[in-house]
Every structure is written in C-alpha cells, then in structure tokens.
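# Structural description and commentary
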Amino acid sequence: MGKARRHREELGDVVEVFADRPGPKTVTGFVLCWLIFTGLTFINPGETPLLAAAPGIIFAVMFAVILLYLAGERLIVCERGLIVGSIAPGIRPYVIPYQQITPGSIAGVAGANRYLKEVGLQGQISQSTLRASWWTRNGIHFVACSAEDARRGRRRFTLALDPIPRSIDGRWIWFAATGRQSSQRAIDAIARTASAAGYPQLAEAATARGVVELTGDPADAARQLPGHPPVRGGGTR
C-alpha cells in the first residue's frame, strides 16, 4: 500500500488494514440518485442520442468519484503505530506513532453509529480526528496528538476541520472506523504490535478495556470512552 510505504521507516511494516467502505444501502442510494437525475434529463432530452446520453454518463462519473472517496477510509495498524484516514487519490492520511497515544485511552467501539451523538457532536460539522460516517458500525477510540502533528506539518484544507483539545489531559480525541470487521480484532492487533514495539502499558490497557457497546447517551461518554470529559448537558440517568 503506497500511502503506508511512505511511512515505513517511522512505523514499520503494515500488520492489519481495516476499511470502512459504504454499505449496500448507501451504494443503493447513490444508484437511485443517479437514476432520478438521469431520468429528469429525459424530460427535455438532447437532439441527438449522444447529447441525450451525455448527462447520464456525467452523473455516473460524478457519483462514482464520490463513492471512490467515501470508500477510501482506512485504519492501518503498523508495527510501531497507526495510519488513520482516507487513502483516496490526492489525500494523505494521519500518522500516529504509539508513543503519541495516551496509555489507557484506547477502547474498541461497537454501535459506532451512535458515537457522535454520545460525544455531543451529532449534526455538527465533521472533525478531522473523528473518522465516523453514517454507515460506520465499529471502530476504536483513543487520545493522541493533534491532527496537525499527525499530518506532519502539512497545512492542508482540512486544517479548518481540526478540533480543539478535548480530552481530560488536554489532548486530542480520535475515532477510527474498522468497517465491518470487529473492533476487537483491531484492539488485538494494536496490543500485539505495541507490546512488540516496547509499549507494554499501552498494549495491556487496550486489551484490558476491550470493546464497549455505545448507548448514544451523552451522560455515558465519560464512562464509556476513556479520556473523554463529561459532555455538557449529558446529565445522569
């Protein structure tokens, strides 16, 4: 994988790759949108068969490109750290060595479609450190360096999406999706590689915490997501 090879000297070889691709419902939705958009063009079609077909072809290419970029999200577990983010053309993911992750902050997450609701960010603008989409079901939560540090000083257009530090130790909260694969598999891979890389405390804490099923209730954020502060308005149940 080209994007991982770029960081091989720092992070070592790739151990596991987790892809968070759109599910069948999302793909079906795009196909239906293409059919509707294309059908509308036939209300007043072009004068020749080529002109009549051209809008449908353009819409097909446009929706295919959107799906390509949506399908680029990855969590890549390497020997000495993680690569998080999209590997779509023209986009570089974030690089997070194990020494920059807070020990005890890693937790596997099930029910990840409730993550943004639980942390009080549902309906708000996306954040570069929270890699959750509407189809996401599994992932890992952890506390680490800033997004700016993880992109290695490259000031990109995503800078506007970088969040402020929100963890209880004044650092940055991350979420990386594992797609249809269980987040336990990602936890196991991280624990195994972190231990081998000389970070046994990080490995042992990740294994001990395991996977949590999110409730979607902001009152549970601080309890279920290690390092997360109490969510304003979360209250108690």
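Scroll up for the structure.
The written sequence of each chain sets the order in which its residues are numbered from 1. Residues qualify for local features only when their pLDDT is at least 70, as the model is predicted, and side-chain atom pairs are given and counted only at 80 or more; totals for whole chains, interfaces and linings, by contrast, use all residues. Side-chain metrics in this entry use all non-hydrogen atoms of the structure; hydrogen atoms and water are not considered.

With that settled, consider the packing of aromatic side chains. Pairing of aromatic rings covers Phe, Tyr and Trp, the last through its six-membered ring, and needs centres within 6.5 Å; plane angles under 30 degrees mean stacked, over 60 mean edge-to-face, and all others mean tilted. Per the stated rule, a full pass over the model turns up seven aromatic pairs. Ring centres 5.9 Å apart and planes at 80° place the aromatic pair Phe30 and Phe63 in the edge-to-face group. Residue Phe30 is located in helix 3 (residues 24-41), and its partner Phe63 is located in helix 4 (residues 49-70); the two are separated by 33 residues in the primary sequence. For the pair formed by Phe30 and Phe63, the shared burial category is buried. For the pair Phe37 and Phe59, a centre-to-centre distance of 5.2 Å together with 80° between the ring planes defines the contact as edge-to-face. Taken together, the residues span a long stretch of sequence, with Phe37 in helix 3 and Phe59 in helix 4 at a distance of 22 residues. A network of ring pairs unites the aromatic residues Phe30, Phe37, Phe59 and Phe63 as a single cluster. Helix numbers and strand numbers start at the N terminus; a helix is a DSSP run of H or I with at least 4 residues, a strand a run of E with at least 2. Exposure categories follow from relative accessible area, calculated using a 1.4 Å probe and restricted to protein chains: below 20% of the type maximum is buried, above 50% is exposed, and the middle band is partly exposed.

Read across the open sheet, the four strands follow the order 1-2-3-4; overall the sheet is antiparallel. In the strand order of this sheet, the two ends are held by strand 1 (14-19) and strand 4 (94-97), each with one partner. Between one strand and the next, the sheet's axes are offset by a mean angle of 15°, whatever the strand orientation. In this description, strands pair whenever DSSP reports at least two bridges between them. In this structure, strand 2 (residues 73-78) lies alongside strand 3 (residues 81-86), joined through six bridges in antiparallel fashion. Looking at the pairing, Ile76 lines up with Ile83 of strand 3. Axis lines are fitted through C-alpha atoms, for helices just across the contact stretch, and the angle between N-to-C directions can take any value from 0 to 180 degrees.

The quantities given are spatial measurements derived from coordinates; they are silent on function.
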